[in-house]
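# Tertiary structure, described
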Amino acid sequence: MAHFDTNHPAGSNFYTDPFGDSSDSRNKPFDGLDGIIQDDTTTLATTTSGIPALDPSSFLRGAGRTEAQSLIFNYRRTKSPTLPAIPSRQPTPSLSERNGPVFSDLSVPYKDEDSYSTRPSSVVGKSDDHLMHNAADMGRSDSYQDLEYAEPLDENSKLAADSASPFQKVLGMDMGKYPIDQRIEDKKRGIGRQKYPYVVWALTIIMVGVFINELVVNTRAQGTPVSFKPVVNPMLGPSESALINLGARFPPCMKVIQGLPLTTPIACLNDTANPPDQLCSIEDVCGFGGFHGGEPDQWFRFITAIFLHAGFIHIILNMLAQLTISAQIEREMGSAGFFITYFAAGIFGNVLGGNFSLVGAPSIGASGAIFGTVAVTWVDLFAHWKYQYRPGRKLAIMTVELLFGIALGYIPYVDNFAHLGGLCMGLLVGTTLYPVISPTKRHKLIMWAFRLAAIPLAIVLFVVLIRNFYTSDPYAACSGCRYLSCIPTASNNHCQGTGFSTSNTTTGGSSI
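Keep in mind that what you see is a predicted model, and the values were worked out from it rather than measured. (Residues numbered from 1 in each chain as written. Predicted model: local features only at pLDDT ≥ 70, side-chain atom pairs only at ≥ 80, totals over all residues. Heavy atoms only, no water.)

So, about the overall build of the chain. A tally of regular secondary structure across the chain gives 18 helices and seven strands. The contacts in the chain between residues at least 6 apart in sequence include a share of 73% that link residues at least 24 apart. For the chain, the accessible area works out to roughly 27800 Å², and carbon and sulfur atoms hold 62% of it. (Helix = DSSP H or I, 4+ residues; strand = E, 2+ residues; numbered from the N terminus. Contact = heavy atoms within 4.5 Å. Areas by Shrake-Rupley, 256 points an atom, 1.4 Å probe, with all protein chains shown as cover.)

Here it is as structure tokens:
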């Protein structure tokens, strides 16, 4: 800020040269313009620091002014329109180089966003737009350490991520167009490829609608939405016969089961007695038009079982997990990769359960698919270990949760093979499709090695287990595997046989 001495008598020359005599300064009327720099300094302090400067005109009132001072004073009181942007900054010519005092180069007052007053800018200044543009140019870099994750340099390449092929988007190859530092920061903040989990929302709506239909079917058959007779469904849902009729995974409806011929009687949907007094054939209970005079071939039950749930408790627990864990995985993976992972895990869980679970027990639920999305969190943990917050603690918590989920597979109405199968397939597909951040070439090569190994392994497992389910006795392939989902007791014949009995209305079904 400039300081002014106001203790001058009226009529005295306010701007004088401190190094020259007074006569010289009086003889040179334009030398007084040297003092104007003080006013401009005050003005510059106003525009740059944001502190209003004192108006020098207040010190000139009542005092004698030179011609130059009067010109400056009159200019300050005028409101000139905003000057257009100047392409290139030109040096301001001195007053001696002009024919007369010209002030067209002086900036005009502008409205400061931080105040409600109009303040003049610097005499030799120019519009702030050019200053901001130049600052942006100085901060822009033209080189990056890793060009794969570098930001595009032109407008056309900025659209490269949006124009990537669906295959590139599924494999995460479109993410390479963003700076790796930004990707790491987004990862730490939980920001993924998309904001909303559309597939999870759609699946949840469909599953709730299917469950309502289950209750309607059981109400028409037994008179109540929840089966209380002949036994109570512990999941508070329809009877097992109703679940089989609606599409549960029930091997006798999918192939010929040794020990369960098509003529085997089974409780009808409207049966409420124990032992059952309303008996139907397997073909009638399986529904969907029957077998058309041939062998059971309802292979689609590997898929439809994912959308069914055994009761209120079952669907509430699964939907809570789906709307939290699975939803976050979809945000990070994208809808396409999540859709593939979800159904690959759910279908493979049913295939594995069809091979080694008790064939006389129906099985339903989305837990296998949800376990597949849980497996993706393990891929994320190990692939981004150094970006995780307290990864060791997170590993311990996830291990306890996994063991707890597997332990639940041993209680009635829960199929542990669906959990294990979904977890296994989720690891393989998740390794292939999850967008992993590779800061180094070595890390990238390791991830691609895992991907190249996971893809054929997943295909082989599907082919081998489906073939084993249809062409051979599943129990012969692994006679002890059934104990991974069954605790031997007298009620289940120590996990032997098919698990089906006509002496009781319940077949010991399982929900996943």
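The next subject is the pattern of salt bridges. Using the criterion set out here, one finds one salt bridge in the structure. A salt bridge links Arg 249 to Asp 415, with the nearest nitrogen and oxygen atoms 3.0 Å apart. With Arg 249 in the loop between helix H9 (240–246) and strand E3 (265–267) and Asp 415 in the loop between strand E6 (413–414) and helix H16 (416–433), the pair connects residues that are 166 residues apart, well separated along the chain. With respect to burial, Arg 249 and Asp 415 carry one shared label: buried. (Salt bridge = Lys/Arg side-chain N within 4 Å of Asp/Glu carboxyl O. Buried < 20%, exposed > 50% of the residue type's maximum accessible area, 1.4 Å probe, protein only.)

This part takes up the layout of surface pockets. Here the idea is plain: a probe the size of a water molecule rolls over the atoms and shows the empty space left. If you add up the space inside the largest pocket, you get close to 1000 Å³. Around the largest pocket, the lining is made up of 36 residues, and of these Ala 321, Ile 325, Ile 370, Val 374 and Glu 401 lie nearest the centre. Among the residues forming the lining of the largest pocket, the class breakdown is 19 nonpolar, eleven polar and six charged. (1 Å grid on protein atoms, 1.4 Å probe; cavity = no way out; pocket = protein on both sides within 12 Å on 5 of 7 lines; lining within 4 Å. Points joined across faces, edges and corners; volume = space filled by probe spheres on them. Nonpolar A, V, L, I, M, F, W, Y, C, P; charged D, E, K, R; others polar.)

A ring pair, where both rings are aromatic, is described by two values, the distance of the centres and the angle of the planes. Counting across every chain of the model gives 16 aromatic pairs. Here the aromatic rings of Phe 307 and Phe 343 are separated by 6.0 Å at their centres, their planes lie at 40 degrees, and the arrangement is tilted. Taken together, the residues Phe 307 in the loop between helix H11 (301–304) and helix H12 (312–333) and Phe 343 in helix H13 (residues 335–356) connect sequence positions 36 residues apart. Each of the two residues, Phe 307 as well as Phe 343, counts as buried. Look at Phe 356 and Phe 417: their rings are 5.9 Å apart centre to centre, the planes differ by 35 degrees, and that puts the pair in the tilted class. With a gap of 61 residues between them, Phe 356 in helix H13 and Phe 417 in helix H16 connect regions that are remote in the sequence. Both residues of the pair, Phe 356 and Phe 417, belong to the buried class. Feature note: the residues Phe 307, Phe 338, Phe 339, Tyr 342 and Phe 343 constitute an aromatic cluster, connected by ring pairs. The cationic tip of Lys 255 hangs over the ring face of Phe 469; the distance from NZ or CZ to the ring centre is 4.2 Å. Directly above the aromatic system of Trp 448 lies the positively charged group of Arg 451, at a separation of 5.0 Å from the ring centroid. (Phe/Tyr/Trp six-rings, centres within 6.5 Å; stacked < 30°, edge-to-face > 60°. Lys NZ or Arg CZ within 6 Å of the ring centre and 35° of its normal.)

All right, on to the confidence of the model for the chain then. Confidence in the prediction for the chain averages 74 pLDDT; 61% of positions are at 70 or higher. When the criterion is pLDDT under 50, residues 8–16 qualifies, and its contacts beyond four places in sequence or with other chains add up to 15 contacts. (pLDDT = per-residue confidence, 0-100.)

Mapped onto the elements of the fold, Met 254 is located in the loop between H9 and E3. Taking relative accessible area as the criterion, Met 254 reaches 1% and is therefore assigned buried. Note: C-alpha distance between Met 254 and Gln 298 (44 residues apart in sequence) is 4.6 Å.

Turning our eyes to something else, we now look at unusual backbone geometry. Trans is the common state for peptide bonds, and a negative phi is the common state for residues other than glycine. Note that the residue after Asn 274, namely Pro 275, is joined by a cis bond; omega there is 0 degrees. With respect to the helices and strands, Pro 275 occurs in the loop between E3 and strand E4 (279–281). Even without being glycine, Phe 288 reaches a positive phi, approximately 55 degrees. Looking at where Phe 288 falls in the secondary structure, it is placed in the loop between helix H10 (282–286) and H11. Phi angles above zero are rare outside glycine, and Arg 390 is one such case at about 50 degrees.

With that settled, consider the environment of Ile 306. Examined against the element boundaries, Ile 306 turns out to sit in the loop between H11 and H12. In this structure, the C-alpha to C-alpha distance between Ile 306 and Ile 364, residues 58 residues apart in sequence, is 6.2 Å. Beyond its immediate sequence surroundings of up to four residues, Ile 306 is in contact with Met 207, Tyr 342, Phe 343, Gly 346, Ile 347, Asn 350, Gly 365 and Ala 366.

A word on a nonpolar patch on the surface. A contiguous nonpolar surface patch, about 730 Å² in accessible area, is contributed by Phe 228, Val 232, Leu 236, Phe 312, Ile 313, Ile 316, Leu 317 and Leu 320. Looking at the secondary structure, you find Leu 236 in the loop between helix H8 (198–222) and H9. (Patch = residues over 30% accessible without salt bridge, like charges linked within 9 Å, V, L, I, M, F, W, Y side chains within 5 Å.)

It is worth spelling out the packing of H8 against H13 at this point. Axis separation between H8 and H13 bottoms out at 9 Å; the angle between their running directions is 45 degrees. With respect to H13, the axis of H8 lies oblique. In contact with Tyr 198, Val 199, Val 200, Leu 203 and Met 207 of H8, H13 contributes Ser 335, Phe 338, Phe 339, Tyr 342 and Phe 343. Split into classes, the residues belonging to the contact of H8 with H13 amount to nine nonpolar, one polar and no charged. (Axes fitted to C-alpha atoms, helices over the stretch in contact; angles between N-to-C directions. Parallel < 35°, antiparallel > 145°, perpendicular 65-115°, else oblique.)

This brings us to the packing of helix H15 (residues 391–408) against H16. Relative orientation of the contacting elements H15 and H16 amounts to 145 degrees, with a least axis distance of 8 Å. Contacts between H15 and H16 pair Leu 402, Gly 405 and Ile 406 from the former with Asn 416, His 419, Leu 420 and Leu 423 from the latter. Within the contact of H15 with H16, the residues separate by chemical class into four nonpolar, three polar and no charged.

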